[in-house]
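# Geometric and topological summary
Letter by letter, the chains look like this.
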Amino acid sequence: MNSLTLPDIATQASRQALPLEWVGMRGIALPVLLDGQRLSAKADAGVSLDDGEARGIHMSRLYLALATLEQQNLSPRVLHQVLDDFLASHEGLSSNAYLNIHSEVLLKRPALVSPLAGWKSYPVSISASLKNNVFHVELKIDVPYSSTCPCSAALARQLIQQQFIDDFANKPLQHAEVLAWLGSSHGIVATPHSQRSTAQLHMHLDEFIDELPLSVIINDAEAALGTAVQTAVKRADEQAFALANGQNLMFCEDAARRLNLALRRCPGVSGFHLRVIHAESLHAHDAVAESHWHREHA
Ligand SMILES: Nc1nc2c(ncn2[C@@H]2O[C@H](COP(=O)(O)OP(=O)(O)OP(=O)(O)O)[C@@H](O)[C@H]2O)c(=O)[nH]1
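Computed from a predicted model, the values in this text were never measured in an experiment.

Right, let's talk about the sheet that holds strand E3 (residues 96-110) for a bit. The strand order across the open sheet built from eight strands is E1-E2-E3-E4-E5-E6-E7-E8, with neighbouring strands paired in antiparallel fashion. Bordering the open sheet on either side are strand E1 (20-34) and strand E8 (287-294), each of which pairs with just one other strand. Ignoring strand direction, the axes of neighbouring strands in this sheet form an average angle of 15 degrees. Relative to strand E7 (residues 269-278), strand E6 (residues 194-205) runs antiparallel, the two being bridged by nine bridges. Within E7, the residue paired with leucine 205 across the bridge is valine 269. On top of the sheet, helix H3 (residues 76-88) reaches strand E2 (37-49), E3, strand E4 (117-131) and strand E5 (134-148); it is set at about 155 degrees to E3, its chief contact.

Below you can see the structure in the form of structure tokens.
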């Protein structure tokens, strides 16, 4: 039997008395409940070390406090509770606590026409902090979508008009001939370029909401954009997607403005910063627009 007590380095005095803003662990593996789904997540947990004389914080106490998140759906209230636990276990050492959770939400999406459906994953990060008793929670979501360049579409249409002039000028129009011409790549000589695009949504949430408004935000963002990327696709779905893109031409500025107006109406969102990235197929660089908003308090 070992009668020696375990050395506890954390309780020693620091050789250099200096407070630290953030001390903790990053990348802790954790199963969480998000929107009723059990998901694999990574957590970053930390506190400030205000007592500059103290050698270290107690990492295990932060780690153990995360167990709450295995059982309860992630909500501002539960995040607040975990941050309270962080601080209660570091009384006299810390006044600020931080928790970030990174995961991917899976949503089942129906096809546009066929009776099929498939899964889409959305990267999600939740950042909560308790600083000098002020609680703050933010939510980041990435939403992928398709964007077709309106300028490219107009230029392509002009080329098609020019081809029509070349082929039909001074000729009586025959319905069957025009129909065949419209269905040929000889007639429709040019197509606009489209790109897979991403909306990076960074929202500040009301602290008293019961649950994180994940699906609401994703659904509203996709509805505002109009051309969400698809999952299961048959030809009928692809044709409907081509029509949706043709009726929904957008520059990155258009996408940013639409999202701004949609997010303002989302319940539980008190402010946001959004960035849309159109990964151009015209260029090797991206077209990007950003916008932010904060609710005015009466
Ligand atoms: N503070 C700190 N601890 C570390 C670090 N790296 C590893 N640890 C270890 O984290 C472990 C848990 O620390 P504590 O939470 O203080 O463990 P403990 O003293 O058994 O737990 P309590 O009795 O609750 O204080 C210890 O074995 C530390 O050595 C580090 O960089 N800083």
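Residues in contact with the ligand, as listed here, are Asp8, Ile57, His58, Met59, Ser60 and Arg61. Histidine 58 places a side-chain nitrogen or oxygen 2.9 Å from an oxygen atom of the ligand. Interatomic distance of 3.4 Å between a backbone N/O atom of methionine 59 and an oxygen atom of the ligand. For the ligand, the protein covers 41% of the area, taking 650 Å² as the surface of the free molecule. Its residues placed into classes, the shell around the ligand shows two nonpolar, two polar and two charged.

So, about the pairing of E5. In this sheet, E5 lies alongside E4 in antiparallel orientation, the contact comprising eight bridges. In the sheet register, serine 127 faces E5, and the bridge partner there is glutamate 138. What sits between the antiparallel neighbours E4 and E5 is a turn of two residues, in which asparagine 132 has the positive phi angle 50 degrees.

Here the focus is the UniProt feature "site: May be catalytically important" (unreviewed entry) in the protein. UniProt records the feature "site: May be catalytically important" (unreviewed entry) for Cys149 in the present numbering. Here cysteine 149 is to be found in the loop between E5 and helix H4 (150-168). Discounting residues that sit within four places of it in the chain, cysteine 149 has contacts with Pro192, His193, Gln195, Leu249, Met250 and Phe251.

Turning next to the domain arrangement of the protein. Looking at the protein, the domain boundaries give domain 1 (20-149 + 193-294) and domain 2 (150-183). Here the C-alpha centroids of domain 1 and domain 2 sit 46 Å apart. Across the boundary between the two partners, domain 1 contributes six residues, which contact five residues of domain 2. A per-residue breakdown of the area domain 1 buries against domain 2 is headed by Cys149, Leu249 and Phe251, which together make up 80% of the total. Remark: the boundary between domain 1 and domain 2 carries zero salt bridges. Seen at the junction of domain 1 and domain 2, the total is four residue pairs in polar contact (both at pLDDT 80 or more). Counted by class, the side of domain 1 that touches domain 2 contains four nonpolar, two polar and no charged residues.

Attention now moves to the environment of alanine 221. If you trace the backbone, alanine 221 turns up in helix H6 (residues 214-225). On the basis of relative accessibility, which here comes to 1%, the residue alanine 221 falls in the buried class. Not counting residues within four places of it along the chain, the set of residues in contact with alanine 221 comprises Val143, Leu201 and Leu259.

Grouped together as the largest cluster of nonpolar side chains are 66 residues, with contacts concentrated most on Leu69, Phe86, Leu99, Ile141, Leu201, Met203 and Val276. The residues touching leucine 201, leaving out its near neighbours within four places in the chain, are Leu139, Lys140, Ile141, Val143, Ile217, Ala221, Leu259, Leu263, His273 and Leu274.

Before going further, it helps to examine the pattern of salt bridges. Side chains that differ in sign of charge can pair as their charged atoms come close. As enumerated under the stated definition, the model contains five salt bridges in all. Measuring nitrogen to oxygen at the nearest pair gives 3.1 Å for the salt bridge that ties arginine 109 to glutamate 222. Remark: glutamate 222 occurs in helix H6 and arginine 109 occurs in strand E3; sequence separation between them is 113 residues. For lysine 120, the salt bridge identified is with glutamate 222, shortest N-O distance 2.7 Å. In this pair, lysine 120 sits in strand E4 while glutamate 222 sits in helix H6, placing the two residues 102 residues apart along the sequence.

The rules behind the values
- Residues numbered from 1 in each chain as written.
- Predicted model: local features only at pLDDT ≥ 70, side-chain atom pairs only at ≥ 80, totals over all residues.
- Heavy atoms only, no water.
- Pairing = 2+ DSSP bridges.
- Helix = DSSP H or I, 4+ residues; strand = E, 2+ residues; numbered from the N terminus.
- Axes fitted to C-alpha atoms, helices over the stretch in contact; angles between N-to-C directions.
- Contact = heavy atoms within 4.5 Å.
- Near = heavy atom within 4 Å.
- Polar contact = N/O pair within 3.5 Å; in protein donor to acceptor, adjacent residues only side chain to side chain.
- Areas by Shrake-Rupley, 256 points an atom, 1.4 Å probe, with all protein chains shown as cover.
- Nonpolar A, V, L, I, M, F, W, Y, C, P; charged D, E, K, R; others polar.
- UniProt positions renumbered as here; feature names shortened; annotations may be inferred.
- Domains from an automatic or database assignment.
- Buried area = accessible area lost by both parts, 1.4 Å probe.
- Salt bridge = Lys/Arg side-chain N within 4 Å of Asp/Glu carboxyl O.
- Buried < 20%, exposed > 50% of the residue type's maximum accessible area, 1.4 Å probe, protein only.
- Core = buried A, V, L, I, M, F, W, Y, C linked by side-chain atoms within 4.5 Å.

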